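As a plain string of letters, each chain reads:
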Amino acid sequence: MNFIQTRGIDESRPATVTFSEAILAPIASFGGLYVPETLPELGKEFLEKHLNSSYKELAKDMLNRFEIDIDSAVIDEALALYDKFDDKNNPVPVVKVKENLYISELYHGPTRAFKDMALQPFGVVLSSIAQKRGENYLILAATSGDTGPAALETFKNRANVQVACLYPDGGTSDVQRLQMVTEDAANLKVIGIHGVFDDAQNALKQLLASESFNAALKKKNVSLSAANSVNFGRIIFQIIYHIHSYLELVRQDGITMGEKVYLNVPSGNFGNALGGYYASKMCVPVEKIIISSNENNVLTKLIKTGKYDLRDCAVMGTTSPAMDILKSSNIERILFDMFGPERTRELMQNLEEKNFYELNADELAQLQKHFDADFCKGHEGKGYIKDTFEDDKYLMDPHTATCMKSYETCCDPKIKTIAYSTAEWTKFSPIIANALSGEIDVKDIEALESISKIASLPIPDMVKGLFTKEVTQSTVIDKEDIEKEILNFI
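A word on the sheet that holds strand S5 (residues 137–142)
Spatially, the five strands line up as an open sheet ordered S8-S5-S6-S7-S15, and their pairing is parallel. Two strands lie at the open edges of the sheet, namely strand S8 (223–226) and strand S15 (476–478), each paired on one side alone. With direction set aside, neighbouring strand axes in the sheet form an average angle of 30 degrees. Taken together, the six bridges between S5 and strand S6 (residues 161–168) define a ladder with parallel strand orientation. Bridge pairing in S6 places isoleucine 139 opposite valine 163. Against the sheet, helix H5 (residues 115–133) makes contact with S5, S6 and S8, and its axis sits at roughly 155 degrees relative to S5, the strand it touches most. Its contacts with the sheet put helix H8 (residues 197–209) on S5, S6, strand S7 (188–194) and S8, and the angle it makes with S5 is roughly 155 degrees.

Structure below.
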C-alpha cells in the first residue's frame, strides 16, 4: 500500500511513498501528513473471522491487509511485546461498567497509559528499518504526559536510534515526569521546556520541516523522524484496539455481530479518535464517534459549530493534563478524508496564519454525520470519578472521566457505548484522591497510598519504584533553545 499527502504535492517529494518511508519522514508536502492511499475493505467477514482470535492474531492480519513493507518476522517481534502487558492473553480488557457502557482499558502496558498500545510495537518497527537501511535516526517526541514515557520506554537502547523528548515543565503529573527524568539510557534525552504542550508540539513540527536543522543532522549522519501521532506508524496500531473492543462486546454477549456502537474517546491530539474513524470505515459498525474534551474544548466547538478558533485562546491547565492541547494534529487527516487535499491545505494554512478556520454548512454536516462531542469541567470529572467508584465499583482516571459527561449528553441509551480509558489511576493520583476523599495538596506518593487503601488496589511496582529512582535528566530550558540543546545531545 502506498501513502499520499494531506495537503497535496510540492516538487520536493514524490507523489506517493511506502509505509516505511512515511514513518521515517512523517512530514509531507506543505507541512502536511501522510495517509493511506486507500483503506482495506474488511467488512463483517473480517470481524467474524477474528471473533475467537487473540489480540496478536487480529493485529497481524490487519497489518497484513494494509500490505505494509515490513518483514513478517519484524511484525511478529513487534507484536510479541504485547506479551509483556499485565495479561498477555488479554492486553486490552473491556469492562462492563453500566448497563450500556463498557470501558476499554488501554493502559496495561509498561508505562500505564494507552500510548504503549502503539509505541511498543512502533519502536521495534522503526529501529529495524533503520538497521536494515544502515541509517541513524533522531526521533523527536513532544508529550503532554503519556507519549514521552512510552516513546522513551520503547526506544531505549535500540540500535540506530536516538530520542529527544520535549515536555512542558510543570504540565505533567509527578508520575509522568518521573517516568521520563529517571530514564538513563545513553540514547535518550529528556528536555523540559518553559511553556505548554502546544509549544513542544509546534517546536517538533518546525524542526521536522527545518532545512537548516535537517542539514545539521545530516552532517552528523543522522536523519529525522517523530514518535508523535503525526507519524502514521502510531496510527496504524491504534486502529487495532477499536476492532478488538468491538469483538469483545460480541464475545461478552453485550451486542450481536453487526450491531452499531458508540466509540467514546477522550481526545487531545485526536490520534485515538482517528483510529476509531478508520476502524469504522474498514469494518466496525459505529453509530458515532463521541469526542470527549476538557476545558480546552476546541474540538467540541469544531464539531458543534464548524469553527476551529484559536484567536485570543490560551491553553488552560486542567485536571486532565494530557488533553491540555489546542492544536490537534490528526484533525488534518479527517479533513483530508472528507474534503480532499486542496481544501485541507486551505484550512490548515488559515489555522497556521490566522489561528482560525471555518467549515461551510455542507462540510459541517459531513463532520457531524460521524462525530458528536461535549466537554467536561474539572469539578464535573471529579464528581464522575467519585460516583462511578461508589455506585459502580469502578475506578477511573480524570481523562476517562470526561467520557462520562458525553455519555450522558451525546449517547442514545439504547445503543451500547465503548469508552476508552487512556491511563491507569496511578498516573493522576492527587486528583483522584481529592475526588474520592477530599484530600488536597497531597504529593503523588501519599495520594497513591490513600487510593490504594480506599480502593483495595495495589500500587504497581513499576510506579512505586519511581519515587526512589535517581533523576538522571534534569534539563529545563526556554523553547527558543530547543534546537541548540538537541544538536548538543547528538
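That shown, we press on.
Some points on the nonpolar core
Residues Met62, Ile243, Tyr278 and Phe371 are the most contacted members of the largest nonpolar core, which totals 147 residues. A per-element tally of this core places helix H10 (residues 232–251) first, with 12 residues. Ignoring anything within four residues of it in the chain, the contact list for tyrosine 278 reads Val35, Pro36, Leu39, Phe232, Ile235, Ile239 and Arg333.

Quick word on the pattern of salt bridges
When the charged atoms of two side chains with opposite charge come close together, those side chains can pair. Under the definition given, this model contains 25 salt bridges. Of the charged contacts, one joins arginine 7 and glutamate 352 as a salt bridge, the two residues approaching to 3.0 Å between their closest N and O atoms. Of the two residues, arginine 7 sits in the loop between strand S1 (3–5) and helix H1 (19–24) while glutamate 352 sits in helix H14 (residues 341–354), which places them 345 residues apart along the sequence. With a shortest N-O distance of 3.6 Å, lysine 132 and aspartate 71 are connected by a salt bridge. Here lysine 132, found in helix H5, pairs with aspartate 71, found in the loop between helix H3 (55–65) and helix H4 (72–79); they are 61 residues apart in sequence, far enough to count as distant. On the accessibility criterion, lysine 132 (65% relative accessible area) is exposed. Under the relative-accessibility criterion, aspartate 71 is labelled partly exposed at 41%. Among the charged side chains, a salt-bridge network with shared partners connects Arg7, Glu332 and Glu352.

Rules used throughout
Residues numbered from 1 in each chain as written. Predicted model: local features only at pLDDT ≥ 70, side-chain atom pairs only at ≥ 80, totals over all residues. Heavy atoms only, no water. Pairing = 2+ DSSP bridges. Helix = DSSP H or I, 4+ residues; strand = E, 2+ residues; numbered from the N terminus. Axes fitted to C-alpha atoms, helices over the stretch in contact; angles between N-to-C directions. Contact = heavy atoms within 4.5 Å. Core = buried A, V, L, I, M, F, W, Y, C linked by side-chain atoms within 4.5 Å. Buried < 20%, exposed > 50% of the residue type's maximum accessible area, 1.4 Å probe, protein only. Salt bridge = Lys/Arg side-chain N within 4 Å of Asp/Glu carboxyl O.

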